[in-house]
Amino acid sequence: MEYAPFEAVIFDLDGTLTESAPGIVNSIRYALKKAGLPPLSEAELLTCVGPPLSEQLMALLHISSQEALALLPLYREYFIRKGMFENRPYDGIAELLGSLHAAGMPMMVCTGKPEPFAKTILEHFELESFFCDCIGSTLDGRLKDKAEALAILLKRNGARRALMIGDRKYDVEAASANGIPCAGVLWGYGSQEELEQAGADYLCRTPEELRKLILHTGGEE
């Protein structure tokens, strides 16, 4: 088969499939204001797209893990009601997924976002039918390490020659920890420098470049 070097592809969600920053940023602003904490700058807020949110808030606000975790219910108040829908699939994503699906490529999602929210977002944008599985963090914080989540996803799907696809170093690191390659996408929230320094195996500027990588060049350098 023309995609033989990869037997499955695994997508990150935020910054890879959807442009999710507006809803995440607005949810954090809401939580900080409701908690009476000082606001963060736009640049600081954007660093929260990708890594575990509580850990990033600890670093930005210089607060304890307990204080950061206490902000999550406030964040979710806005996110569940409105924030998760202040979001959109990137141009070309639906076409990319349709092309891969038509070629018979198994596709999954591995995200740091809580799994129930990720599934709701995929359903809202009518993308869920393209994917055979989806894993995210747990609402209680038991599963928030992306490498661990990816290991679970790979094992339960029996996917050994898989390709991870994401926009941040966390995606590259998770792929490396599981012994699979990672394609870094440059339309998301991570920079080319970040992805290169993390050791991304491939870089794609557009969904069309990614399609060609998966269906035509496969695992070749």
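Below is a summary of the structure that appears in this document. Values in this document were obtained by computation on a predicted structure and should not be read as measured data.

**With respect to the overall build of the protein**
Scanning the protein from terminus to terminus reveals ten helices and six strands. What you see for the protein is a C-alpha radius of gyration of 17 Å, in line with the 17 Å of a compact globule of 221 residues. Counting only C-alpha atoms and orienting by the principal axes, one finds that the protein spans roughly 55 × 35 × 30 Å. Looking at the protein as a whole, 50% of its 221 residues qualify as buried. Across the protein, every contact between residues at least 6 apart in sequence was considered, and the portion connecting residues at least 24 apart equals 66%. In the structure as shown, the protein presents an accessible area of about 10,200 Å², 53% of it carried by carbon and sulfur atoms. Across the protein, 21 positive and 32 negative side-chain charges occur, with their mean positions spaced 5 Å apart.

**Considering the packing of helix α1 (residues 21–35) against helix α4 (residues 65–81)**
Across the interface, α1 lies against α4 with an axial gap of 8 Å and an inter-helix angle of 130°. What the angle tells us is that α1 and α4 run oblique. Judged by the sense of rotation from one axis to the other, the crossing of α1 with α4 is right-handed. On the side of α1, the interface is formed by G23, I24, N26, S27, I28, Y30, A31, L32, K34 and A35, while α4 contributes L71, L74, Y75, E77, Y78, F79 and R81. By residue class, the composition of the contact of α1 with α4 is eleven nonpolar, three polar and three charged.

**What to know about the side chain of S54**
Along the polypeptide, S54 turns up in helix α3 (residues 53–61). In this view, S54 contacts A68, L69, L72 and K144; residues no more than four positions away in its chain are not counted.

**So, the pattern of salt bridges**
Counted according to the given criterion, the structure contains twelve salt bridges. Among the ionic pairs, D133 bridges to R156, the shortest N-O distance being 2.8 Å. Taken together, the residues span a long stretch of sequence, with D133 in strand β3 (residues 133–137) and R156 in helix α7 (residues 146–157) at a distance of 23 residues. Assessed through its relative accessible area of 16%, D133 is described here as buried. One network of salt bridges, with partners in common, ties together D12, K146 and D171.

**Some thoughts on the packing of aromatic side chains**
In total, this model carries five aromatic pairs according to the counting rule given. Taken together through their ring pairs, the aromatic side chains of Y75, F79 and F117 make up a single cluster. If you follow R81 out to its NZ or CZ, it ends over the ring of Y30, 5.8 Å from the centre.

**A word on the pairing of β3**
For β3, a buried count of five out of five residues is recorded, marking the element as mostly surrounded by other parts of the structure. Of the pairings in the sheet, the one linking strand β2 (residues 107–114) to β3 comprises four bridges and is parallel in character. Within β3, the residue paired with M108 across the bridge is D133.

**As for the side chain of D12**
Along the chain, the position of D12 falls in the loop between β1 (8–11) and α1. Among the polar contacts listed, one links the side chain of D12 to the side chain of T16, at a separation of 3.0 Å. Reaching out from D12, the side chain makes a polar contact with the side chain of K146 at a distance of 2.8 Å. Leaving out residues up to four positions away in the same chain, D12 has contacts with L17, C110, T111, K146, M164, I165, G166, D167 and D171.

**Describing the sheet that holds β1**
With parallel pairing, six strands are arranged side by side in an open sheet as β3-β2-β1-β4-β5-β6. Each having just a single partner strand, β3 and β6 (202–204) make up the two edges of the open sheet. Each neighbouring strand pair of the sheet contributes to a mean axis angle of 20°, computed without reference to strand direction. Two strands pair when backbone bridges link them, and strand β4 (residues 162–166) and strand β5 (residues 182–185) are joined in this way by three bridges, in the parallel orientation. Opposite M164, over in β5, you have C182 as the bridge partner. Its contacts with the sheet put helix α5 (residues 93–102) on β1 and β2, and the angle it makes with β1 is roughly 160°.

So, how was this worked out
Residues numbered from 1 in each chain as written. Predicted model: local features only at pLDDT ≥ 70, side-chain atom pairs only at ≥ 80, totals over all residues. Heavy atoms only, no water. Helix = DSSP H or I, 4+ residues; strand = E, 2+ residues; numbered from the N terminus. Rg over C-alpha atoms; globule rule 2.2 N^0.38 Å. Buried < 20%, exposed > 50% of the residue type's maximum accessible area, 1.4 Å probe, protein only. Contact = heavy atoms within 4.5 Å. Areas by Shrake-Rupley, 256 points an atom, 1.4 Å probe, with all protein chains shown as cover. Lys, Arg positive; Asp, Glu negative; His and termini not counted. Charge placed at Lys NZ, Arg CZ, Asp CG, Glu CD. Axes fitted to C-alpha atoms, helices over the stretch in contact; angles between N-to-C directions. Parallel < 35°, antiparallel > 145°, perpendicular 65-115°, else oblique. Left-handed = near helix turned anticlockwise from the far one by under 90°. Nonpolar A, V, L, I, M, F, W, Y, C, P; charged D, E, K, R; others polar. Salt bridge = Lys/Arg side-chain N within 4 Å of Asp/Glu carboxyl O. Phe/Tyr/Trp six-rings, centres within 6.5 Å; stacked < 30°, edge-to-face > 60°. Lys NZ or Arg CZ within 6 Å of the ring centre and 35° of its normal. Pairing = 2+ DSSP bridges. Polar contact = N/O pair within 3.5 Å; in protein donor to acceptor, adjacent residues only side chain to side chain.

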